[in-house]
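Here's the letter readout for the chains.
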Amino acid sequence: MKSQYKKWGALLLAITLLSALLISGCSTKGKGGGDVELKLGFYSSAQSDEKMQELIAKFQEKHPNIKIKTESSPYNQFFQKLDTQIAAESAPDVWLSDGVLVPKYAERGVLKDLTEWIQRDLKADDYYGLEFNKDAAGKYWGVPQGIQIAVLYYNKDMFDEAQIEYPTEAWNWDDLKAAAEKLTKDANGKYAIDPSFDKNKISQYGLTFFSITEGWMTVLKSYGGGVLNETLDQSIIDSPENKAALDWIVDGMQRELLPTPSDLKSFQSNMAPFPSKAAAMRIGIYARTIDANAAGLNYDVTLLPKGPEGKRFSPVIANSWVINKKAEGAVGEAAWEWVKFWATEDEVQKEWASLGEAVPVKKSVANSEQFLSGSPANKQAFLDSFEFAGTLDVNAVWSEWVGKFNDSINRAFEGEVSVEQAMKQADQEVQKVLDEFYKK
Amino acid sequence: MEETEKVRTGVQPLTPRIRRRRLNSDSKWGLLMVTPYIIHFIVFVLGSLLASLYFSFSHYDILNAPQWAGLANYKKLFQEPVFWKAMWNTVYFTILFVPLQTVLALILATALNQRLRGLKFFRLAHFVPVISSWTVILYVSDAIFNPRFGMANSFLLKIGLEPQKWLQDERLVIPLLVMIAVWKGIGYIMVIFLAGLQNVPSDVYEAAEIDGAGVFRKFMHITVPLISGTTFLVLILSTISTFQAFEQIYVMTGGALDASSAGGPNKSSLVLMIYLYQEGFTFLRMGYASAIAWVLFVILFILTALQVTLQKKWVHYE
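Residues numbered from 1 in each chain as written. Chains lettered and ligands numbered in written order. Predicted model: local features only at pLDDT ≥ 70, side-chain atom pairs only at ≥ 80, totals over all residues. Heavy atoms only, no water.

Okay, the overall build of chain B next. Across its full length, chain B carries 14 helices and two strands. Here the C-alpha radius of gyration of chain B, 25 Å, is well above what a compact globule of 318 residues would show, namely 20 Å. In terms of overall dimensions, chain B has C-alpha extents of about 70 × 65 × 30 Å along its principal axes. Burial status across chain B gives 42% buried among its 318 residues. Within chain B, residue pairs in contact and separated by at least 24 positions form 65% of the contacts whose partners lie at least 6 positions apart. Split by element, the accessible area of chain B, about 18,200 Å² in all, is 68% carbon and sulfur. Taking the average location of the 26 positive side-chain charges in chain B and that of its 18 negative ones, the two points are 5 Å from each other. (Helix = DSSP H or I, 4+ residues; strand = E, 2+ residues; numbered from the N terminus. Rg over C-alpha atoms; globule rule 2.2 N^0.38 Å. Buried < 20%, exposed > 50% of the residue type's maximum accessible area, 1.4 Å probe, protein only. Contact = heavy atoms within 4.5 Å. Areas by Shrake-Rupley, 256 points an atom, 1.4 Å probe, with all protein chains shown as cover. Lys, Arg positive; Asp, Glu negative; His and termini not counted. Charge placed at Lys NZ, Arg CZ, Asp CG, Glu CD.)

A word on the pattern of salt bridges. Within the structure shown, the criterion is met by 33 salt bridges over all chains. Notably, a salt bridge pairs A:Arg108 with B:Asp61, separated by 3.7 Å at the nearest N-O pair. Here B:Asp61 lies in the loop between β1 (58–59) and β2 (67–68) and A:Arg108 lies in the loop between α4 (102–106) and α5 (115–121), a pairing that spans two chains. You'll find A:Arg108 and B:Asp61 in the same group, each marked buried. A:Asp435 is the salt-bridge partner of A:Lys439, the closest N and O atoms lying 3.7 Å from each other. When its relative accessible area of 57% is taken as the criterion, A:Lys439 is described as exposed. Beyond isolated ion pairs, a larger network of salt bridges with shared partners links A:Glu400, A:Glu436, B:Lys76, B:Glu279 and B:Arg285. (Salt bridge = Lys/Arg side-chain N within 4 Å of Asp/Glu carboxyl O.)

Let us look at the interface of chain B and chain A. Facing the 38 residues of chain B at the interface are 36 residues of chain A. Where chain B abuts chain A, roughly 3,400 Å² becomes buried across the two surfaces, and 56% of that area is made up of carbon and sulfur atoms. Our enumeration of links across chain B and chain A arrives at seven salt bridges. The interface formed by chain B and chain A contains nine residue pairs in polar contact (both at pLDDT 80 or more). Residue composition of the side of chain B that touches chain A, by class: 18 nonpolar, eight polar and twelve charged. (Buried area = accessible area lost by both parts, 1.4 Å probe. Polar contact = N/O pair within 3.5 Å; in protein donor to acceptor, adjacent residues only side chain to side chain. Nonpolar A, V, L, I, M, F, W, Y, C, P; charged D, E, K, R; others polar.)

This part covers the environment of B:Ile299. Residue and element names in this part refer to chain B. You can see Ile299 is positioned in helix α14 (residues 286–314). Once the C-alpha coordinates of Ile299 and Phe243 are considered, the two residues, 56 residues apart in sequence, prove to be 9.2 Å apart. Apart from residues lying up to four places away in sequence, Ile299 is in contact with Met87 and Phe243.

Residue and element names in this part refer to chain A. With mixed pairing, five strands are arranged side by side in an open sheet as β6-β7-β8-β5-β9. On the outer flanks of this sheet lie β6 (185–186) and β9 (299–302), each paired with one strand and no other. By the bridge criterion, four bridges tie strand β5 (residues 151–155) to strand β8 (residues 279–284) in an arrangement that is antiparallel. When the bridges of β8 are listed, Tyr154 appears paired with Met281. Sheet strands in contact with helix α7 (residues 173–183) are β5, β6, β7 (202–208) and β8, and its direction is about 150° off that of β8. (Pairing = 2+ DSSP bridges. Axes fitted to C-alpha atoms, helices over the stretch in contact; angles between N-to-C directions.)

The linkage connecting A:Ser375 with the following residue, A:Pro376, adopts the cis geometry, with an omega of 0°. Within the fold, A:Pro376 resides in the loop between α15 (369–372) and α16 (380–384). In this model, A:Lys277 sits at a positive phi of 60°, which is unusual for a non-glycine residue. Tracing the backbone shows A:Lys277 in the loop between α10 (261–264) and β8. Despite not being glycine, B:Lys267 has its phi angle at roughly 60°, a positive value. Within the element layout of this structure, B:Lys267 appears in the loop between α12 (247–252) and α13 (272–282). Judged by its relative accessible area of 15%, B:Lys267 falls in the buried class.

Generally speaking, nonpolar side chains in soluble globular proteins are found buried as a group. With 218 residues, the main nonpolar core has A:Met281, A:Trp338 and A:Trp401 as its most contacted residues. With 15 residues, helix α8 (residues 173–198) of chain B is the largest single contributor of residues to this core. Ignoring any residue separated from it by four or fewer positions in sequence, one finds A:Trp338 in contact with A:Leu38, A:Leu40, A:Met52, A:Leu55, A:Ile56, A:Phe59, A:Ile68, A:Val94 and A:Trp321. (Core = buried A, V, L, I, M, F, W, Y, C linked by side-chain atoms within 4.5 Å.)

Okay, the packing of helix α2 (residues 46–62) of chain A against helix α12 (residues 329–344) of chain A next. Residues and elements named next belong to chain A. The geometry of α2 relative to α12 is characterised by a closest axis approach of 11 Å and an angle of 115° between their N-to-C directions. Note on packing geometry: the crossing formed by α2 with α12 is right-handed. From α2, Met52, Leu55, Ile56, Lys58 and Phe59 reach across to α12, where they touch Ala334, Glu337, Trp338, Phe341 and Trp342. In terms of residue class, the contact of α2 with α12 is built from eight nonpolar, no polar and two charged. (Left-handed = near helix turned anticlockwise from the far one by under 90°.)

With that out of the way, let us pick up the environment of B:Ser52. Residue and element names in this part refer to chain B. Mapped onto the elements, Ser52 comes out in helix α2 (residues 16–55). For the pair Ser52 and Lys184, spaced 132 residues apart in sequence, the C-alpha to C-alpha distance is 32 Å. If near-sequence neighbours (up to four positions away) are discounted, Ser52 is found in contact with Ser290 and Trp294.

Below, the structure written as structure tokens:
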């Protein structure tokens, strides 16, 4: 009996090993002489994928010795897969990273430090936002592929209907609120300044904003507050400046001049109120021009309002090419060729800009007629905003502290707790997240 | 030897020699047939299980190699208020969901077990939500519970009541999710009950009728005890499935918009599986997430063992 089981056991083991061998055997690649195979990863939509393939073809013409293997999927799947690919050492050699995710990978030691290459090959003055991927120690971890920067969007038709002046660059947040009052309308067509205004039946909000990028961070920072200190490892939430900024927001939400987070849930998407004509103004990044144009809105953009001390702030996300730390030697060089090709070639920049998804990284292209023409009329506002632009206090645990901040602050936005209480709670929760990562 | 063989096969051997030969040939075939599964189990299940057990004792951010951490993850887990909140939400969900779905599905199955016109249509109608994806259900429920445009609020306004925030309301979110889950899942459980009901011999009912039993008494004294085996299966299946509930809560309370905010207002619908997903895949704490998974496993194991023990008291086998 026993020997029988042994035999079966041995057979089983043999089959297991054999299949393991087969699986691993299939994935071994043959290495051709001289040629380099570069694994390029990017997230894309149907529209941008086509353009990317065109640009890859152009790159291959110039670099016949580099064979590019692409790996692309829609945004969410791409980043879901990426972590496990890194763990299995099958991640792309160079990939397109959402700007807010660069420190997540950089601080966990997955990315190649690009400082030397950037200093050798790129003239910093030629570009917008190289510095947005620089860490506190001055190291560069990526080269921007396209820039998202926020401005104030406004629907001209709604301003005309309410018979008020369009926003100007001189506005502060109180000017904005005064206008929002005249633009918030209920189902009976009454504006918020009217005594018979019914705030339970809003048909049009004066302003809409959502979460951090296109929401509270701008208000906080232009009031002189913010979330993290300069080294991005301490919370500075509990401050009088933030209190003033949050009071401004909560007051607006309580009066229904702008939707609360739960009001926003009644739209199919947090980004929907402005393009679906349910809001007269919004804080929006450059990519939002696509929706607004597609909806055929009569709109324009201008600089975001100033804070009480005259300070402005425009949040920036620099989506960037990053290189895998494991890409060494010829593969690493090839990866850098790709990044350089993207950053330095005017033609590439122009082609990509024609999609209308992002502000071109290269100043010469961004300031060209090709970029500045079209809708909205005042595209110059996006470029002017670089003067007071900043990142979203992005660090290795960004998405986690943003989640904690939202959890606490949203309760104040909904009117469930006071601003002070929400700030204290947010401060503690965010600090806990920071400590766990940075104080190991 | 003799004794263990008896237990294993459950068959009384004819004579020892014949038994041995037949058994060997049977077990050979048996083993051969299950070999693909065993290989699959060893490579893809056992391996992952052991790995996750190891990870649960380490700090592991997926991107870098795991570092041994002893009991740190488990210690942190039990001190973390969010874990206990997620635990309570999960238990609350299960306490509401399992009895409600079981009782309603049984009543429905009994009703659809009659010989009536158009029966197939009704059976089918109840099964449609089962095969629909949660995303579809999300749109249907949004049409009802959307705070601005939904039917539920326009109804409340019509009869002069205050509109509600529904899925954005801390108190309402879990009962609502349970209601929607029952609506979606009831068809599946109903089919299991239908199969059970078909096995109840009709002569028992006839005998009861002769004795003058009414519909209710027949149901309580014949149907319920005679399908208790099926009920037992249903209870175990639905308890396990609610503890593992993920997709519905993820898409209906925020995850579809932003992974880090899944779990409803003030974490009121954050169940263990969502907590596990966020910690592991969004915040890169795979070690901690593995610890959650093992705690979840232990809970389910205990619950199932408890149900199996208690079944002796109420499950009737013929």
